[in-house]
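Inside the fold
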Amino acid sequence: MSITINNVGFSADAKLKNFIEAKLNKLSRYYNRITNSTVYLKLENSGQVKDKVVEVTVSVPGKVLVSKAEDKSFESAVDECATSLERQLKKYKGKF
């Protein structure tokens, strides 16, 4: 599985990228035919608070699964997306 990480408006450090790759590589436990995944990291300025937005798309044969989360840190938003994608992958695999 190839993982592409896109930063919008800032540069992510290696620690964050390694965390994201580790989380997404664990998804292959639930469905091993994942072809690629794309992660978009964005900063959203809403008033005085800067929220972090993470959007993850995972491509499997015949379908694209999408998850989006917003939180105070990128790590917790990535955790939310990974949990959501885990449920989606289990449901998708159950159809076969």
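Heads up: these notes are all about the structure in this document. From a predicted model like this one, the values you see are computed outputs, not experimental measurements. (Residues numbered from 1 in each chain as written. Predicted model: local features only at pLDDT ≥ 70, side-chain atom pairs only at ≥ 80, totals over all residues. Heavy atoms only, no water.)

Some details on the packing of aromatic side chains
Given two aromatic rings, their pairing is described by the distance between the two centres and the angle made by the two planes. Per the stated rule, a full pass over the model turns up 2 aromatic pairs. With a centroid separation of 5.3 Å and 15° between ring planes, the pair formed by F10 and F74 is classed as stacked. Taken as a pair, F10 in the loop between β1 (2-8) and α1 (14-25) and F74 in helix α2 (residues 74-94) lie far apart in primary sequence, 64 residues in all. Since its relative accessible area comes to 8%, F74 is described here as buried. Relative to Y92, the ring of Y31 lies with its centre 5.5 Å away and its plane at 85°, an arrangement referred to as edge-to-face. A residue pair is termed long-range when its members are at least 10 positions apart, and Y31 in the loop between α1 and β2 (36-46) and Y92 in helix α2 qualify at 61 residues. (Phe/Tyr/Trp six-rings, centres within 6.5 Å; stacked < 30°, edge-to-face > 60°. Helix = DSSP H or I, 4+ residues; strand = E, 2+ residues; numbered from the N terminus. Buried < 20%, exposed > 50% of the residue type's maximum accessible area, 1.4 Å probe, protein only.)

Quick notes on the nonpolar core
By size, the foremost hydrophobic cluster in this structure holds 23 residues, and its most contacted members are I20, V39, L41, V54 and V56. Residue assignment for this core shows that the elements contributing at least two residues are α1, β2, β3 (49-60), β4 (63-71) and α2. At 7 residues, the largest contribution of residues to this core is made by α2. Residues contacting V56, with those up to four places away along its chain left out, are L24, T38, V39, L65, V66, S67, C81 and L85. (Core = buried A, V, L, I, M, F, W, Y, C linked by side-chain atoms within 4.5 Å. Contact = heavy atoms within 4.5 Å.)

Section: the pattern of salt bridges
Taken as a whole and judged by the stated rule, the model has 4 salt bridges. For K23, the salt bridge goes to D79, with nearest N and O atoms at 3.0 Å. Remark: D79 occurs in helix α2 and K23 occurs in helix α1; sequence separation between them is 56 residues. Accessibility expressed as a relative area gives 25% for K23, which makes it partly exposed. Its salt-bridge partner being E55, residue K42 comes within 3.8 Å of it at the nearest N-O pair. (Salt bridge = Lys/Arg side-chain N within 4 Å of Asp/Glu carboxyl O.)

Regarding α2
Note on helix geometry: an α-helix contains 3.6 residues per turn, so any two residues three or four positions apart are oriented the same way. An ideal rise of 1.5 Å per residue puts 30 Å on 21 residues; α2 measures up with 30 Å between its terminal C-alpha atoms. All of the buried residues in α2 are F74, A77, V78, C81, A82, S84, L85, L89 and Y92. (Expected span 1.5 Å × (residues − 1).)

So, the environment of K52
Inspection of the secondary structure assignment puts K52 in strand β3. On a C-alpha basis, the gap between K52 and S73 in space is 5.9 Å, while along the polypeptide they are 21 residues apart. Apart from the residues lying within four places of it in its own chain, the contact partners of K52 are K42, L43, A69, E70, D71, K72, S73, F74 and A77. Side-chain polar atoms of K52 contact the backbone oxygen of K72, separated by 3.5 Å. (Polar contact = N/O pair within 3.5 Å; in protein donor to acceptor, adjacent residues only side chain to side chain.)

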